[in-house]
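# Architecture and fold: a report
Next come the chains, spelled out residue by residue.
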Amino acid sequence: MIAFFPTYARRTEGGWHATVAGMVTRPLPKTSRRRSLAVAVLKRLLELDEADLDTDVFRRRAESFLFQRVAGQRVVVDLGGRRLDAGVSDRSGHFAASFSLDDDFVRGLLGDGSPQPRWLSYAAVADEDHGDIAAGQIQLIDDTGISVISDIDDTVKVSHVADRRELLKNTLLREFSAVPGMPEAYRRWEEAGAAFHYVSASPWQLSNCLCAFLGAAGLPAGSMHLKLFRLKDTTPLGRLTARKRSKRRVIEAIMADFPGRRFVLVGDSGERDPEVYAAVARSRPEQVAGVLIRRVADKSSASHATLRFDRLARRLPSGILETFTSAEELASLP
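In short, a report on the structure. (Residues numbered from 1 in each chain as written. Predicted model: local features only at pLDDT ≥ 70, side-chain atom pairs only at ≥ 80, totals over all residues. Heavy atoms only, no water.)

Secondary structure assignment for the chain yields 10 helices and 15 strands. In terms of overall size, the chain behaves like a compact globule, its C-alpha atoms giving a radius of gyration of 20 Å where 334 residues would be expected to give roughly 20 Å. Along the first, second and third principal axes, the C-alpha set of the chain runs to 60 × 55 × 30 Å. For the chain, the residues scored as buried account for 48% of the 334 residues in total. (Helix = DSSP H or I, 4+ residues; strand = E, 2+ residues; numbered from the N terminus. Rg over C-alpha atoms; globule rule 2.2 N^0.38 Å. Buried < 20%, exposed > 50% of the residue type's maximum accessible area, 1.4 Å probe, protein only.)

Printed below as a string of structure tokens:
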């Protein structure tokens, strides 16, 4: 089984530099010991009873994690009738490859007067081992303009990351729900010409679920940059430092691909978004148009939160870091 992740293409002289990425997996047999152990881990983490295990939401979400990663699988895609080698899956089942696409070829796929944003669609070339026809998309992003790099959990999706049990329940037991007002704010920004990149600590296993959530909630589509996760990994607390480093690295890589674009970084106060975004703004001040942080309830006091944001703001140009509690405060792009 192949799952493709939404990616982007950047402008080059006479064409585009496009990337295809995804993951190759194999479902665990219904009676396998590994599946039973994985379900037992989820059951223990959530303190589930049999009624919980039998819900449609849990079955759908759990299936996102109940698979075997397939290494060494070559992936070929069909893009507008052109076959492209997308590489070989690594030990984690992931693969990625980049291609050069000339302007004439891309214009032929888009047609005249194509609307914004512009996406190219492609599909896997089926083989005897992977009969499913998985599909993916690449967003074409021009070298100038405004881009939004957005977190997902507690920024656009209600997750309650600060409460581990609530986070797990919102991930595995409940239908995803949007933070009120954020779809409308993001759509206004999209209509104003913004492109979107979602950079989150959510696991890659939820990529398809999250893409479906974005569409159902009315949030703009964008490239997806999630985190590698295994059920046998250490606790979320133990992964915090690595997550902070990896998030900054991903954000700066996106910005490096588009040196002529300006970026708005949107996150929440529940974890380390303010510190990560402030560090990015200090290292790339010419590209960061604004840092917008949604204040969420956590264990810290109001005075502690104020000191936190004041300390970060003092190290940035005036007006770059702003906080909000309601999406209604996000009237326009910075």
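Here we come to the nonpolar core. Among the nonpolar cores identified, the biggest contains 44 residues, and Val-148, Met-182, Tyr-186 and Trp-189 are the most heavily contacted of them. Looking at which element gives the most residues to this core, the answer is helix H6 (residues 182-191), with four residues. For Trp-189, the residues in contact, after removing those within four places along its chain, are Val-148, Ala-194, Phe-196, Val-266, Leu-292, Leu-330, Ser-332 and Leu-333. (Core = buried A, V, L, I, M, F, W, Y, C linked by side-chain atoms within 4.5 Å. Contact = heavy atoms within 4.5 Å.)

Let us look at the pattern of salt bridges. Taken as a whole and judged by the stated rule, the model has 15 salt bridges. With a shortest N-O distance of 2.6 Å, Arg-60 and Glu-175 are connected by a salt bridge. Highlighted residues: Arg-60 in helix H3 (residues 56-63) and Glu-175 in the loop between helix H5 (164-172) and H6, separated in sequence by 115 residues. Among the residues examined, Glu-175 registers a relative accessible area of 49% and is labelled partly exposed. Note that Asp-151 and Lys-247 form a salt bridge whose closest N and O atoms lie 3.1 Å from each other. In this pair, Asp-151 is assigned in the loop between strand E10 (145-150) and H5 and Lys-247 in helix H8 (residues 240-257), connecting sequence segments 96 residues apart. Members of the salt-bridge network, linked through shared partners, are Asp-56, Arg-60, Arg-61 and Glu-175. (Salt bridge = Lys/Arg side-chain N within 4 Å of Asp/Glu carboxyl O.)

Now for unusual backbone geometry. Within the chain, Asp-154 stands out as a residue other than glycine whose phi angle is a positive 65 degrees. Along the chain, the position of Asp-154 falls in the loop between E10 and H5. By relative accessible area, Asp-154 is classed as buried at 7%. Notably, His-160 is not glycine yet its phi reads approximately 60 degrees, a positive angle. Within the element layout of this structure, His-160 appears in the loop between E10 and H5.

To continue, consider the packing of aromatic side chains. Here the distance between the centres and the angle between the planes together describe a pair of aromatic rings. Scanning all chains against the criterion turns up eight aromatic pairs. Look at Phe-4 and Tyr-122: their rings are 4.9 Å apart centre to centre, the planes differ by 80 degrees, and that puts the pair in the edge-to-face class. On the criterion of sequence distance, the pair formed by Phe-4 in strand E1 (residues 2-5) and Tyr-122 in strand E8 (residues 118-124) is long-range, its members being 118 residues apart. Here Phe-4 falls in the buried class, since its relative accessible area comes to 5%. Measuring from centroid to centroid gives 3.9 Å for Phe-5 and Trp-204, while their planes differ by 20 degrees, and the two rings are stacked. Here Trp-204 lies in the loop between strand E11 (195-203) and helix H7 (207-217) and Phe-5 lies in strand E1, a separation of 199 residues in the sequence. Taken individually, Phe-5 and Trp-204 each receive the classification buried, so the pair is uniform in this respect. (Phe/Tyr/Trp six-rings, centres within 6.5 Å; stacked < 30°, edge-to-face > 60°.)

Structurally, a disulfide amounts to a covalent bond that connects the sulfur atoms of two cysteines. Taken as a whole and judged by the stated rule, the model has zero disulfides. The cysteine Cys-209 is free of any disulfide, with Cys-211 supplying the nearest cysteine sulfur at 9.4 Å. Residue Cys-209 is classed as partly exposed on the basis of its relative accessible area of 21%. What makes Cys-211 partly exposed here is its relative accessible area of 28%. (Disulfide = S-S within 2.5 Å.)

Here Glu-275 shows up in helix H9 (residues 273-283). On the accessibility criterion, Glu-275 (12% relative accessible area) is buried. Within polar-contact distance, the side chain of Glu-275 engages the side chain of Arg-308 at 2.9 Å. (Polar contact = N/O pair within 3.5 Å; in protein donor to acceptor, adjacent residues only side chain to side chain.)

Below, the discussion takes up the sheet that holds strand E15 (residues 321-324). Across the sheet, six strands lie side by side as E12-E11-E10-E13-E14-E15; this open sheet has parallel pairing. Each of the sheet's edge strands pairs with one partner strand only, and the pair in question is strand E12 (223-227) and E15. Going across the sheet, the axis of each strand differs from the next one's by a mean of 20 degrees, ignoring polarity. (Pairing = 2+ DSSP bridges. Axes fitted to C-alpha atoms, helices over the stretch in contact; angles between N-to-C directions.)

All right, on to the pairing of E8 then. Most of E8 sits inside the fold, with five of its seven residues counted as buried. Direction of pairing for strand E5 (residues 74-79) relative to E8: antiparallel, over a ladder of two bridges. Note that in E8 the partner of Asp-78 across the bridge is Ala-123. Where E8 and strand E9 (residues 135-141) come together, six bridges link them in antiparallel fashion. Within E9, the position partnered with Leu-120 by the bridge is Ile-138.

Looking at the element boundaries, Ser-147 is found in strand E10. Not counting chain neighbours up to four residues away, the residues in contact with Ser-147 comprise Ala-195, His-197, Arg-261, Arg-262, Phe-263 and Val-264.

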